[in-house]
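As a plain string of letters, each chain reads:
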Amino acid sequence: MLTSVLLLLALAPLVADTTDDDRRHLDDAVRAYVQPFDGTWSMASARVAWIDLNGDGLDDAIVYVEDPDWCGSGGCTVLVFERMNSADAVEMGTFRPAAEVALVQTPIYVSQRRTNQWRDLIVRDERGDVRAIRFTGETYPHSPAEGERLRRRTSGATALFATPR
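Here the structure is a predicted model, which means the values were calculated and not measured.

About the thresholds
Residues numbered from 1 in each chain as written. Predicted model: local features only at pLDDT ≥ 70, side-chain atom pairs only at ≥ 80, totals over all residues. Heavy atoms only, no water. Helix = DSSP H or I, 4+ residues; strand = E, 2+ residues; numbered from the N terminus. Buried < 20%, exposed > 50% of the residue type's maximum accessible area, 1.4 Å probe, protein only. Polar contact = N/O pair within 3.5 Å; in protein donor to acceptor, adjacent residues only side chain to side chain. Core = buried A, V, L, I, M, F, W, Y, C linked by side-chain atoms within 4.5 Å. Contact = heavy atoms within 4.5 Å. Disulfide = S-S within 2.5 Å. Pairing = 2+ DSSP bridges.

**Q** For this particular structure, what's the right way to read the side chain of R83?
**A** Examined against the element boundaries, R83 turns out to sit in strand 4 (residues 75-83). Here R83 falls in the buried class, since its relative accessible area comes to 12%. A polar side-chain atom of R83 sits 2.9 Å from a polar atom in the side chain of D22. A distance of 2.8 Å separates a polar atom in the side chain of R83 from the backbone oxygen of D59.

**Q** Explanation requested: the nonpolar core in the structure shown.
**A** For soluble globular proteins, nonpolar side chains are generally found buried alongside one another. Counting 22 residues, the largest nonpolar core has L53, I62, V78, V80, I108, L121 and Y140 as its most contacted members. Residue assignment for this core shows that the elements contributing at least two residues are strand 1 (46-51), strand 2 (60-65), strand 4, strand 5 (95-115) and strand 6 (118-124). Counting residues per element, this core draws most heavily on strand 5, which supplies 6 residues. In this view, L121 contacts L53, I62, V80, Y109, V110, R131, A132, I133 and Y140; residues no more than four positions away in its chain are not counted.

**Q** Which parts of the structure should I look at to understand the state of the cysteines?
**A** Note on terminology: a disulfide is the covalent bond linking the sulfur atoms of two cysteines. Counted under the stated rule, the structure contains 1 disulfide. Here C71 is linked by a disulfide to C76, with a sulfur-sulfur distance of 2.0 Å. Every disulfide takes its handedness from the sign of the S-S torsion; for C71 and C76 that torsion is 105 degrees, giving right-handed. C76 sits in the buried class, given a relative accessible area of 10%.

**Q** Before we go on, may I ask you to explain the pairing of strand 5 in this structure?
**A** In regular strands, side chains alternate between the two faces of the sheet. When strand 4 meets strand 5, the two strands line up antiparallel, connected through 7 bridges. Note that in strand 5 the partner of E82 across the bridge is R96. Bridge count between strand 5 and strand 6: 5 bridges; the pairing is antiparallel. Across the sheet, Q105 pairs through a bridge with R124, a residue of strand 6. With 3 bridges connecting them, strand 5 and strand 9 (residues 158-160) associate as antiparallel partners.

**Q** Would you take a moment to explain unusual backbone geometry for this structure?
**A** Each neighbour pair has its own omega, and for T106 with P107 the value is 0 degrees, a cis peptide bond. Relative to the elements of secondary structure, P107 occurs in strand 5. For N116, which is not a glycine, the phi torsion comes out positive at approximately 50 degrees. Summarising the element assignment, N116 is placed in the loop between strand 5 and strand 6. On the basis of relative accessible area, N116 is assigned to the partly exposed category, the value being 44%. With a phi close to 60 degrees, F161 is a non-glycine residue in the positive phi region. For F161, the location among the structural elements is in the segment after strand 9. Relative accessible area serves as the criterion here: at 8%, F161 is assigned to the buried category.

See the structure below:
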């Protein structure tokens, strides 16, 4: 019970500042991104966490896609969408795709450590090994296997999607 309460308190800031407009804009951005691959996309098959990954003060979106078309035996796909500042959003839209990482198992941890100004993601690969995937300057690696293998997750990381749906 205490663990559940602490988890809810830890996740509260991730969703507290989102609005219906945020969710609608994200849905539009994800739909545009996946349309060539999945014409039947629905956000009902995804979980979303809001957290500032790049230190600009704006919450970005981490979308964990649980649709069978986006999952394999080693995990599901994570889509990262960067929230654009208001000046750039006029031209580019509110969210832009920043990464697609396949075969990720939950939970996903967001580290305090940064690489190229973006927070590292700590994930489990298809074998269950803990890996740090770091922003390359353009994106996160497409596969956890491309990340650095860790002995354990780093302390102080924020857990996302820690509870089953």
